[in-house]
Amino acid sequence: MSAALRHAAPNDLPATARLRAGLLIAPDTESLVELFAGALAEHGISGHFCLARSGDALVPVAGDMPSLMTKADCLSVDLDASVLPGARVLLAGPGRPLDRDQLARVRGYAQLFAARVLALQELADDIETDCGLTLRERFVLGRRLAGFAPVDIAAEAELTVATVAEAMDSAIGKLGAASLGEAIALAARRGWLAVTNLENCSSSSQKFTYKLTQNG
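Everything numeric here is computed off the predicted structure, so don't read it as measured data.

1. Looking at the packing of aromatic side chains
So, point 1. Applying the stated criterion across every chain, the model contains one aromatic pair.
So, point 2. With a centroid separation of 4.3 Å and 15 degrees between ring planes, the pair formed by F36 and F113 is classed as stacked. In this pair, F36 sits in helix α3 (residues 29–41) while F113 sits in helix α4 (residues 100–125), placing the two residues 77 residues apart along the sequence. As far as the burial class goes, F36 and F113 line up, both buried.
So, point 3. The ring of F148 has R143 lying over it, and the distance from NZ or CZ to the ring centre is 5.0 Å.

2. So, the pattern of salt bridges
So, point 1. For the structure on display, the rule yields three salt bridges.
So, point 2. Between K174 and E137 there is a salt bridge whose closest N-O contact spans 3.1 Å. Here E137 lies in helix α5 (residues 135–145) and K174 lies in helix α7 (residues 161–175), a separation of 37 residues in the sequence.
So, point 3. Looking at K174, the relative accessible area reads 41%, which means it is partly exposed.
So, point 4. Owing to a relative accessible area of 4%, E137 belongs among the buried residues under this scheme.
So, point 5. The salt bridge involving E156 is made with R143; its shortest N-O contact spans 2.3 Å. With E156 in helix α6 (residues 150–157) and R143 in helix α5, the pair connects residues that are 13 residues apart, well separated along the chain. Grouping residues by exposure puts E156 and R143 together as buried.

3. Structural notes on helix α8 (residues 180–189)
So, point 1. When we look at burial in α8, the residues that qualify are A183, I184, L186 and A187. The buried residues of α8 occupy an angular sector of 165 degrees when projected down its axis, which confines them to one face.
So, point 2. On the buried face of α8, the contacting elements are α5 and α7.

4. Quick look at the sheet that holds strand β2 (residues 57–63)
One key point about sheets: their strands pair by backbone hydrogen bonds, in either a parallel or an antiparallel sense.
So, point 1. Across the sheet, which stays open at both edges, the four strands sit in the order β2-β1-β4-β3 with antiparallel pairing between neighbours. Both edges of this open sheet fall to β2 and β3 (75–78), since each of them pairs with a single strand only. With direction set aside, neighbouring strand axes in the sheet form an average angle of 25 degrees.
So, point 2. Sheet topology note: the β3/strand β4 (residues 87–91) ladder contains four bridges and is antiparallel. Bridging across to β4, D78 finds its partner in R88.
So, point 3. Here α3 sits on the sheet and contacts β1 (48–54), β2 and β4; the angle it forms with β1, its principal contact strand, is near 125 degrees.

Conventions and cut-offs
- Residues numbered from 1 in each chain as written.
- Predicted model: local features only at pLDDT ≥ 70, side-chain atom pairs only at ≥ 80, totals over all residues.
- Heavy atoms only, no water.
- Phe/Tyr/Trp six-rings, centres within 6.5 Å; stacked < 30°, edge-to-face > 60°.
- Helix = DSSP H or I, 4+ residues; strand = E, 2+ residues; numbered from the N terminus.
- Buried < 20%, exposed > 50% of the residue type's maximum accessible area, 1.4 Å probe, protein only.
- Lys NZ or Arg CZ within 6 Å of the ring centre and 35° of its normal.
- Salt bridge = Lys/Arg side-chain N within 4 Å of Asp/Glu carboxyl O.
- Arc of directions from axis to C-beta.
- Contact = heavy atoms within 4.5 Å.
- Pairing = 2+ DSSP bridges.
- Axes fitted to C-alpha atoms, helices over the stretch in contact; angles between N-to-C directions.

Structural data, given as structure tokens:
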């Protein structure tokens, strides 16, 4: 787990609290899978796997128990395609009975997990968002405003320094700015930056993630 994630989600907190604290700043899918697994373990659930819809098919994305894809007796949480482009989280059967409130809580965690996994996937795939900038460009501009050096952004997002530099140059060009500082200022005025997380950045999961986090 990264240093930033450990700071936001100390290990002495319950796993469900660590999941809530670290959800939006988890720097990579592996950290997110670890957080989700810990939260599920507190409810007696030993594994999970997330699938994303591609056309009429569901394709594997991430999780700690891929074997759930072939099991008929697992729990499944489907996400509303109107706020997220089709995803399903498979959960191993709980080792103990869950009451209605506990099951609702697990489903809520699964929805948040899937939304964040797909947001991280978009960052990796450099998806263009509605404003014309890609997710990566918005993330890099936000991190630069927050004082991160290109080498630090590269390490956090698992990119090369050259890729980070290309994202900055591309954003400057798209915004018609004369400098990086001007590009950041323009993007900031328009609400296009992601300074500490991707909550307001993902083209597909923005509305969904915001709604769920606001509701606790």
